[in-house]
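Take a look at the letters that make up each chain.
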Amino acid sequence: MEIEIISFGKISEFIPRQKIDITGISDTDTLKVHLEKAFPQISTMKYKLALNEKLVQNNTLISGNEVVAIMPPFSGG
Amino acid sequence: MATERYHRQVILNGFGETAQVLLSKARVLVIGAGGIGCPALQYLAAAGVGSIGIADDDTIALSNLHRQVLFNTDDIDKLKVRIARKRLEKMNPEIEIISHPLRLQRENILTLLKGYDFVLDGTDNFESRYLINDACVLLGKALIFAAISGFEGQLAIFNVADKKGQRCNYRDLFPIPPQPGEIPGCTENGVLGVLPGIIGIMAAAETIKLITGIGQPLINQLLHYNLLSHDQYKMTISPGDNYVMADNENDFLKMVDPSFCNLKPGYNEIDAEQLIILQKQSTIIIDVREQHELPILNDEVYKKAPMTEFPIFLDSEIEEKNIVFICQHGIRSILAAQATQEKYGSRKNIYTLKGGIVKWRNYFI
């Protein structure tokens, strides 16, 4: 099973749009651990996930084929 | 009310005179007369928003002009709010434009916001954005949030109840503000002038939709816009439960964000991890220890300016945006940061390494 990852701002510079295999990943908390291991840069940044265009506030189940967005805060004006 | 000025929008199906009257009665505060604020102000004024406030304490610089389209070359060094008000009054003398030449602070923001119904945030730093958000939550003001990074923009409406009666705010997205240097702003990162133009006009459009009740404003939604691809991504925001808001003005005045609590003296104390982040940007690191002190650091990376000669050093101009001072224990570097802050004010980001080289020895050698 796989999910699609999209990202924004600074994060898109090191996590390009891609599909990842989520074998062994069944929820967003586990996905976070996986992402921070695969892309250590995000572990020192504030970011939020959205699962199928909904902000992830609490650990949420992933069943496959979802689109997960990773976004940092923007401050520029 | 149906003046010739607004004729083309009044005849629009679904807009009409009713919407125009709502615009004329609306009071909108635009905070930050910069890349986002300028175009937003132009369109809000042109559309006939009855009362528009502009809050900004900055003066116009040459490097502003490629995106801050209300200003001319001969306006350099003049107050942004003054020039913006003059330009907008000329463009539409039928509305009221109020300039607020002040830096928003916890102590003055509530008084300022109370005179308005809608707040458009086009500022350029997280400290202001969190302050504006928290004040809008306390006072129940609608907040139109517009921000940019690189070639991308973010747009959202906070503090307005959706159909389910739910209201979200910026802390539902990011409860804790980023540390200094964690997310670069336009000064370090660069910006193409048209991007804040697009996002600023989109923010003005959301404001007009909100005032007049047309369409589907981005209530409890965050829109991402990418200038290079024209890709848009819209997501729904739901309330989070991992932050606490002030529920009265006294508590609001006492709120402290740990990320900003060192900003008051005009410089920030950072750790080695933040130093590494800053090193990737326009940053000069200055070692203020005397020549004989060990360990001796690579002077190509750590510029030497001993405290005994510091006044002479300070006479020269520093080009970099970020200035980090280091010393043995992080005490003398505070004095250097204070002296530098007196010279540059808010034009530079000034940092000092807390605990000094002794604490972060492994990082330096």
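Residues numbered from 1 in each chain as written. Chains lettered and ligands numbered in written order. Predicted model: local features only at pLDDT ≥ 70, side-chain atom pairs only at ≥ 80, totals over all residues. Heavy atoms only, no water.

Chemist: What am I meant to see in the sheet that holds strand β13 (residues 349-353) of chain B here?
Modeler: Remark on secondary structure: sheet strands pair via backbone hydrogen bonds, oriented parallel or antiparallel. All names here are of chain B. Pairing is parallel in the open sheet, where five strands are placed in the order β9-β13-β12-β10-β11. The strands lining the two open edges of the sheet, one partner per strand, are β9 (268-270) and β11 (302-304). Going from strand to strand, the sheet's axes swing by 35 degrees on average, the running direction of each strand aside. Bridge analysis of strand β10 (residues 283-287) against β11 gives three bridges, and the strand direction is parallel. Residue I285 lies in a different strand from β11, and its bridge partner there is Y302. (Pairing = 2+ DSSP bridges. Helix = DSSP H or I, 4+ residues; strand = E, 2+ residues; numbered from the N terminus. Axes fitted to C-alpha atoms, helices over the stretch in contact; angles between N-to-C directions.)

Chemist: Teacher, can you tell me more about the interface of chain A and chain B here?
Modeler: It is common to report an interface's size as the accessible area lost on association of the parts. Counting residues at the interface gives 24 residues for chain A and 44 residues for chain B. Carbon and sulfur atoms supply 58% of the area that chain A and chain B bury against each other, a total of about 2600 Å² over both sides. Summed over the three residues of chain A that lose the most area to chain B, namely F74(A), S75(A) and G77(A), the buried surface amounts to 27% of that side. Along the contact surface separating chain A from chain B lie zero salt bridges. (Contact = heavy atoms within 4.5 Å. Buried area = accessible area lost by both parts, 1.4 Å probe. Salt bridge = Lys/Arg side-chain N within 4 Å of Asp/Glu carboxyl O.)

Chemist: I'm lost on the pattern of salt bridges in this one. Help?
Modeler: Two side chains carrying opposite charge are able to pair once their charged atoms lie near each other. Residues and elements named next belong to chain B. Counted under the stated rule, the structure contains 15 salt bridges over all chains. Here D287 makes a salt bridge to R289, at a shortest N to O gap of 2.9 Å. The pair D287 / R289 is uniform in exposure class, with both members buried. Each of D287, R289 and K304 takes part in a single network of salt bridges with overlapping partners. (Buried < 20%, exposed > 50% of the residue type's maximum accessible area, 1.4 Å probe, protein only.)

Chemist: What is the right way to read unusual backbone geometry from this model?
Modeler: When glycine is set aside, most residues are seen to have a negative phi, and most peptide bonds are trans. For the peptide bond that leads from L294(B) to P295(B), omega is -5 degrees, which places it in the cis range. Mapped onto the secondary structure, P295(B) falls in the loop between β10 and β11. Backbone geometry at E53(A) places phi at a positive 70 degrees, although glycine is not the residue there. With respect to the helices, strands and loops of the structure, E53(A) is situated in the loop between β3 (48-51) and β4 (54-55). Its relative accessible area of 43% is what places E53(A) among the partly exposed residues. Here the phi dihedral of N159(B) falls at roughly 70 degrees; this positive angle occurs in a residue that is not glycine. Looking at the secondary structure, you find N159(B) in the loop between β6 (152-158) and α7 (170-173).

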